[in-house]
Amino acid sequence: MMIIKTKQKSPRKLSFMSIYFLGINGVVGSGAFLLPQEIYKDMNLAGVGVMLFAAITVSLIALCYADLASRFSDSGAAWIYSYNAFGRFWGYEVGIFVWFLGCCTMAAEIVAFLTTLKSFIPAFNNDWLYYSSVFGMIIFFSIINFFGRTIVKAFNNISSAAKMLTIIIFIVVGIFFIHFAHFSPVIPKAATTGAMPLIKHFGAAFSVTFYMFCGFSFIPIAAEQMKNPERNIPRVLVAVMLSVTILYSAMMVIAIGILGSATSKYTTPIAQAFKDGVGEWGYVVIIVGMMISMFGVAFAFSFDTPTLIASLAGEHQMLPKWIDKKNRYDAPWVAIILTAIVAVFLVTQSYLFLVSCIVLASFVQYVPSILAVIKFKYTGEFPNKGFKLPGKYIIPVAALIISAYMITNFTLKTLLVAAVVAVLAAISYFFMNRYNKEEKAD
């Protein structure tokens, strides 16, 4: 009897367009719908200019990531870059901060979801109902994640579609309800009294706006699941940054054009602007779209974040192996529980504090990544494949200077949180390293 061997199909990899839409979904989160209020408070219409400046700033960092993505096809992004550039310890520290960033993002989206629900259903202003719902969502996500990725993919696709449809409807319809008189004043009077007040207002708006672009750093994390990652990821990073900048700027201009100075009064300014333009049904459309989007993003991060810490424990043995324990659905159940515990503590904080933690955790991964670009350009290690950063050191040095500026906008509380995370990570690394040495000696 002749035995015919069948070739086993390898898992289908993500194409350029699939990566692009995942990138859009990762970058455009709750900030697009909630933060125009905070930006307008600090800079009025000039907030659009701050947004464009933040977009250019983050794009410089994204170009550094594009350069690094063209050198590595491994999953992991920032921590993989740091690991190869500066060694195991620094790679581990960055990896922990990327995990912490994922926990903060999940918590921020959950808080944003409930904040939006408050404006729609006043009963959620009751603390007992609010916190029961917050903790209930985390428990719900954790339980669902025990059963694998299929449901997560479905929610991710639904939230992506809801988000993009909501934004497109708002821009296309909202443009007809702009009142040009609402574009005055261009800048708050308090910011025009001197250089220091202007810098203070600009810095506050910049920090908030910076957060709205931070999600790009998650695009290369699943590089191994993508077709030709060295070529496609750099192209996606550039395309996503351009697209998101256009969307954010249009949303901000239209919201201010409809609401004027009232933009600073509403916790859900985009929804309120659409309500003022087209009526109550417009408010409902935007709120529903926002909530589906926020729920989907929080759910996606509740799955992806445990995967990272499980990878540090299992594949790379930087944490105890038990953290990577899997159930029969191949879900890292210990990592899921650890992520949920951290998220439970984080959701007790305000949305704006969580935003500042996300910006700081992003800063921690940006700086080593930018320094890695400079090192690889100098040493010639890990040659580029498909994309090469132009101008040699100009872009990474500019990105490094701007990233360093972010330190001036962090509060003492945020810096303290970062210090605690860094110290706890270092202690766990020390004990894990010692344990591995003793195990090898035996």
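Our subject is the structure that appears above.
Residues numbered from 1 in each chain as written. Predicted model: local features only at pLDDT ≥ 70, side-chain atom pairs only at ≥ 80, totals over all residues. Heavy atoms only, no water.

K.L.:
Can you break down the overall build of the protein residue by residue, with the values?
P.N.:
Counting its secondary structure elements, the protein contains 16 helices and 0 strands. Buried positions account for 53% of the 442 residues belonging to the protein. Total accessible area computed for the protein in this model is approximately 20,100 Å², and 69% of it derives from carbon and sulfur atoms. (Helix = DSSP H or I, 4+ residues; strand = E, 2+ residues; numbered from the N terminus. Buried < 20%, exposed > 50% of the residue type's maximum accessible area, 1.4 Å probe, protein only. Areas by Shrake-Rupley, 256 points an atom, 1.4 Å probe, with all protein chains shown as cover.)

K.L.:
I'd like a description of empty space enclosed by the protein, backed by residues and values.
P.N.:
A complete count under the given rule lists 2 cavities of 30 Å³ or more for this structure. By volume, the largest cavity is sized at about 170 Å³. Along its surface, the largest cavity is lined by 19 residues, and Gly26, Val27, Thr105, Tyr211 and Gly215 are the ones closest to its centre. Elements supplying a minimum of two residues to the lining of the largest cavity: helix H1 (16-27), helix H2 (31-34), helix H6 (88-120), helix H12 (280-314) and helix H14 (351-379). Of all the elements, H6 adds the most residues to the lining of the largest cavity, at 3 residues. Its boundaries defined by the atoms lining it, the second largest cavity holds a volume of some 40 Å³. The wall of the second largest cavity is formed by Met106, Ile138, Phe141, Ser142, Asn145, Ser302, Ile336, Thr339 and Ala340. Every element with two or more residues in the lining of the second largest cavity is listed here: helix H7 (127-145) and helix H13 (333-346). When residues of the lining of the second largest cavity are assigned to their parent elements, the largest contribution, 4 residues, is made by H7. (1 Å grid on protein atoms, 1.4 Å probe; cavity = no way out; pocket = protein on both sides within 12 Å on 5 of 7 lines; lining within 4 Å. Points joined across faces, edges and corners; volume = space filled by probe spheres on them.)

K.L.:
If you had to explain the layout of surface pockets to someone new, which residues and values would you point to?
P.N.:
Here the second largest pocket defines a volume of roughly 620 Å³. Surrounding the second largest pocket, 23 residues form its lining, Trp99, Phe100, Val342, Val421 and Leu424 being those nearest its centre. Looking at the lining of the second largest pocket, the elements that each hand over two or more residues are H6, H13 and helix H16 (412-441). For the lining of the second largest pocket, the element with the most residues is H16, which contributes 7 residues.

K.L.:
An account of the pattern of salt bridges is requested, with residue identities and associated values reported.
P.N.:
Here the structure, examined in full by the defined rule, presents 5 salt bridges. In this structure, the salt-bridge partner of Lys41 is Glu38, at a minimum N-O distance of 3.7 Å. Of this pair, Lys41 and Glu38 both sit in helix H3 (residues 36-43), 3 residues apart, roughly one helical turn. On the basis of relative accessibility, which here comes to 16%, the residue Glu38 falls in the buried class. Taken together, the shared-partner salt bridges in this structure form one network comprising Asp67, Arg71 and Lys377. (Salt bridge = Lys/Arg side-chain N within 4 Å of Asp/Glu carboxyl O.)

K.L.:
Please give an account of H14 that cites residues and values.
P.N.:
For H14, which comprises 29 residues, the first-to-last C-alpha distance of 42 Å matches the rise-based estimate of 42 Å (1.5 Å per residue) to within 8%. Counted residue by residue, H14 has 21 buried out of 29 residues, so it is predominantly covered. Two residues or fewer past H14, Gly380 is found with a positive phi of approximately 80 degrees. (Expected span 1.5 Å × (residues − 1).)

K.L.:
How would you explain the packing of helix H5 (residues 78-86) against H14 if you had to name every residue and give the values?
P.N.:
Where H5 contacts H14, the two axes come as close as 9 Å, and the packing angle between them is 45 degrees. In terms of orientation, H5 lies oblique with respect to H14. When you trace H5 past H14, the crossing you get is left-handed. Of the residues in H14, those touching H5 at Ala78, Tyr81, Ser82, Asn84, Ala85 and Phe86 are Gln365, Pro368, Ser369, Leu371, Ala372, Lys375 and Phe376. Broken down by class, the residue content of the contact of H5 with H14 amounts to 8 nonpolar, 4 polar and 1 charged. (Axes fitted to C-alpha atoms, helices over the stretch in contact; angles between N-to-C directions. Parallel < 35°, antiparallel > 145°, perpendicular 65-115°, else oblique. Left-handed = near helix turned anticlockwise from the far one by under 90°. Contact = heavy atoms within 4.5 Å. Nonpolar A, V, L, I, M, F, W, Y, C, P; charged D, E, K, R; others polar.)

K.L.:
Tell me about a nonpolar patch on the surface, and name the residues and values.
P.N.:
Together, Leu416, Val420, Val423, Leu424, Ile427, Phe430 and Phe431 make up an exposed nonpolar region whose accessible area comes to about 700 Å². Among the structural elements, Phe431 can be located in helix H16. (Patch = residues over 30% accessible without salt bridge, like charges linked within 9 Å, V, L, I, M, F, W, Y side chains within 5 Å.)

K.L.:
Can you break down the environment of Ala204 residue by residue, with the values?
P.N.:
Residue position: Ala204 is located in helix H9 (residues 195-211). A relative accessible area of 30% means that Ala204 is categorised as partly exposed.

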